[in-house]
Amino acid sequence: MPAIVCQSALEAVSLIQSGETLWTHSMGATPRVLLDALAKHALTLENLTLLQLHTEGAESLSHPDLRGHLRHRCFFGGVPTRPLLQSGDADYVPIFLSEVPKLFRSGEQKIDTAIIQVSPPDKHGMCSLGISVEATLAACQVAGKIIAHINPQMPRTHGDGFIHIDRFAAVYEQSASLPIHAFATGDAVSLAIGKNVAELVRDGDCLQMGIGAIPDAVLSCLTEHKDLGVHTELFSDGILQLVEKGVINNSKKRFYPGKLVTGFALGSQKLYDYVDDNPAVIFMDIEQVNDTSIIRKNPNVMAINSALQVDLSGQVCADSIGTKIYSGVGGQMDFIRGAGLSEGGRSVIALPSTASGGAISRIAPVLSPGAGVVTTRAHVHYIVTEYGAANLRGRSLRERAQALINIAHPDFREQLCRDAFEVWGLSL
């Protein structure tokens, strides 16, 4: 049955009824036009549940008036949902990113309607999920109906993200700009961390990393490296710059050699133009991108991730500040484990040594009460701050504590030494 061609976004989302469980396309492909319309339509409905990862520009759905009408269920928190998660007005589901599609495909999590943003159909009627495949492909495969914003500005990307227009229940076409994230120029701390991480990267490594000041700083320090590859959740401008310089050529990879593999892209218009109809970039289902059995196929995987807090035993908190949910489990453990299983693989947790303007040490004797252990002390490898790198693999608790104190901010090292003895019974 052909899709209903709607004259407005509100008409398109009017197919949604009370009690439905919805999935929204996430990251840079967040269908903001449809979600803004949903914020109005939801006021006429009750008990909607909105499943999502990190969303961009979806603040309209966080309005207090929607309480009782729509509740967020987040596999990853972001700016629009963080206040709701921390006040108890939204639900957080801790889960590895690789397992979100499995949750859908197994039927454990039902989806009545998927709300997505796609490129215009090609001559075969195929639309592309564009710059964000992540878990949305799986959601579309199981959803009772799909409502699509067809956006001429959405790149047509290669890989897994093709859906025939006949699968859509309703479509609304409007040209709309995609969210832009500028390349972070980096402060002195980020640049120092970037340099320390870059020293651990070897020619021929296969990289995974996120977005932000620290990943961008790392990438800016890799211009003299050779034959790097990329198999990552997120494709950013920092990676693009190294592709253009020939530093990244994916020649040493065993899984899709010569191709850059990713789950989603977020960055500049230049980045979006680069991935448009580019067969050198493969956007894959995140169940595949983050599958440890696939990650490990590439030799010398270098997984670079961040954290909010690390304790002296090497436990890594990355999704909450104490009991306050900040982001999510995401794919950190998928890649740290995949890197650990890779021939010659390594992983890095990179973070500034302090928080709150230098008032708090991010390297703590123990994690804050309620802090989420995303990476266990058995999985952790390198911890890096602006003061250096600590290799924790195969190290005892005493050796770990000493190595971490050595890269803590100097203002906190003496107290951390005392804490190591008083809290852990470790004589350093």
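Residue indices begin from 1 for each chain and proceed along its sequence in written order. Owing to the predicted nature of the model, reporting of local features is limited to residues with pLDDT of at least 70; listing and counting of side-chain atom pairs is limited to 80 or more, with chain, interface and lining totals taken over all residues. Calculated side-chain values reflect all of the structure's heavy atoms, with hydrogen atoms and water omitted.

**Some points on the overall build of the protein chain**
- The helix and strand inventory of the protein chain stands at 14 helices and 27 strands.
- A compact globule built from 428 residues should have a C-alpha radius of gyration of about 22 Å, and the protein chain, at 22 Å, falls within 12% of that.
- A principal-axis box enclosing the C-alpha atoms of the protein chain has dimensions of 70 × 50 × 35 Å.
- Buried residues are those whose accessible area, probed at 1.4 Å on protein chains only, stays under 20% of the maximum for their type, while exposed residues exceed 50% and partly exposed ones sit between those limits. Across the 428 residues of the protein chain, 58% fall into the buried class.
- The contact definition used throughout considers only heavy atoms, calling two residues in contact when any of these lie within 4.5 Å. The long-range fraction of contacts in the protein chain, counting pairs at least 24 apart against all pairs at least 6 apart in sequence, stands at 71%. Under the DSSP-based scheme used, a helix requires at least four consecutive residues in state H or I and a strand at least two consecutive residues in state E, with every element numbered from the N terminus. Values of the radius of gyration come from C-alpha atoms, whereas the globule rule sets the reference at 2.2 Å times the count of residues to the power 0.38.

**With respect to the packing of helix H6 (residues 188-198) against helix H7 (residues 213-220)**
- Where H6 meets H7, the closest approach of the two axes is 7 Å, and the angle between their N-to-C directions is 55°. With respect to each other, H6 and H7 are oriented oblique. Viewed along their axes, H6 and H7 form a crossing whose handedness is right-handed. When H6 is examined against H7, the residues Ser190, Leu191, Ile193, Gly194, Val197 and Ala198 are found in contact with a partner set consisting of Ala213, Ile214, Ala217, Val218 and Ser220.
- Of the residues that constitute the contact of H6 with H7, the class distribution is eight nonpolar, three polar and no charged. The axes are straight lines fitted to the C-alpha atoms, using for helices just the contacting stretch, and the angles between their N-to-C directions are given from 0 to 180°. Roughly parallel refers to an angle under 35 degrees, roughly antiparallel to one over 145, roughly perpendicular to one between 65 and 115, and oblique to any angle outside these ranges. Handedness of a helix crossing follows the sense of rotation of the near helix relative to the far helix, less than a right angle counterclockwise being left-handed and clockwise being right-handed. Polar here means any residue other than Ala, Val, Leu, Ile, Met, Phe, Trp, Tyr, Cys and Pro, which are nonpolar, and Asp, Glu, Lys and Arg, which are charged; Gly is therefore polar.

**Things to note about the pattern of salt bridges**
- The term salt bridge refers to a side-chain nitrogen of Lys or Arg lying within 4 Å of a carboxyl oxygen of Asp or Glu. Scanning the entire structure with this criterion turns up 13 salt bridges.
- A salt bridge links Glu343 to Arg254, with the shortest nitrogen-to-oxygen separation between them at 3.6 Å. With a gap of 89 residues between them, Glu343 in the loop between helix H12 (332-341) and strand E21 (346-350) and Arg254 in the loop between helix H8 (237-244) and strand E14 (260-265) connect regions that are remote in the sequence.
- Accessibility expressed as a relative area gives 52% for Glu343, which makes it exposed.

**Describing the nonpolar core**
- Ranked by size, the top nonpolar core spans 84 residues in total, and within it Phe75, Phe104, Ile116 and Phe168 carry the most contacts.
- Apart from residues no more than four positions distant in its own chain, Ile116 is found in contact with His25, Pro31, Leu34, Leu129, Thr136, Cys140, Ile146, Ile147, Ala148, His149, Ile163 and Phe168.
- In these notes, a set of buried Ala, Val, Leu, Ile, Met, Phe, Trp, Tyr and Cys residues joined through side-chain atoms within 4.5 Å is what counts as a nonpolar core. Listed in part, the 25 residues of the second largest apolar core include Ala12, Ile16, Leu45 and Leu50.

**Considering the sheet that holds strand E8 (residues 145-150)**
- A pair of strands counts as paired when DSSP detects no fewer than two bridges linking them. Reading across from one edge, E1-E11-E8-E6-E2-E3-E4-E5 is the order of the eight strands in this open sheet, with parallel pairing throughout. Edge positions in the sheet fall to strand E1 (4-5) and strand E5 (91-92), since each of these pairs with one other strand and no more.
- Pairing analysis gives three bridges linking strand E2 (residues 21-24) to strand E6 (residues 113-118), with the strands arranged parallel. Looking at E6, one finds that Trp23 is bridged to Ala114.

**Comments concerning the UniProt feature "domain: Acetyl-CoA hydrolase/transferase N-terminal" (unreviewed entry) in the protein chain**
- UniProt positions are given in the numbering used here, feature names are shortened, and annotations may be inferred rather than shown by experiment. Listed under "domain: Acetyl-CoA hydrolase/transferase N-terminal" (unreviewed entry) in the UniProt record, and renumbered for this structure, are residues 69-173.
- The span residues 69-173 is 18% helix and 30% strand, and its two end C-alpha atoms sit 26 Å from each other.

**Some remarks on the layout of surface pockets**
- A volume near 210 Å³ is recorded for the second largest pocket.
- Residue lining of the second largest pocket: 15 residues in total, with Leu66, Arg67, Gly68, Leu70 and Asp89 positioned closest to the centre.
- Its residues assigned to classes, the lining of the second largest pocket comprises six nonpolar, six polar and three charged. In this analysis a 1.4 Å probe is tested at points of a 1 Å grid over the protein atoms alone, and where it fits but cannot get out there is a cavity; an open set with protein on both sides within 12 Å along at least five of seven lines is a pocket; lining residues have an atom within 4 Å of a point. Grid points are joined across faces, edges and corners, and a volume is the space filled by probe spheres set on the points.

**Observations concerning the UniProt feature "domain: Acetyl-CoA hydrolase/transferase C-terminal" (unreviewed entry) in the protein chain**
- As annotated in UniProt, the feature "domain: Acetyl-CoA hydrolase/transferase C-terminal" (unreviewed entry) corresponds to residues 267-419 in the numbering used here.
- Within the segment residues 267-419, helix and strand shares are 30% and 26% respectively, and the terminal C-alpha atoms sit 42 Å apart.

**Brief notes about the state of the cysteines**
- Working definition: a disulfide is two cysteine sulfur atoms within 2.5 Å of each other. In total, this model carries zero disulfides according to the counting rule given.
- This cysteine, Cys140, is not joined by any disulfide, and Cys127 carries the nearest cysteine sulfur, 11 Å off.

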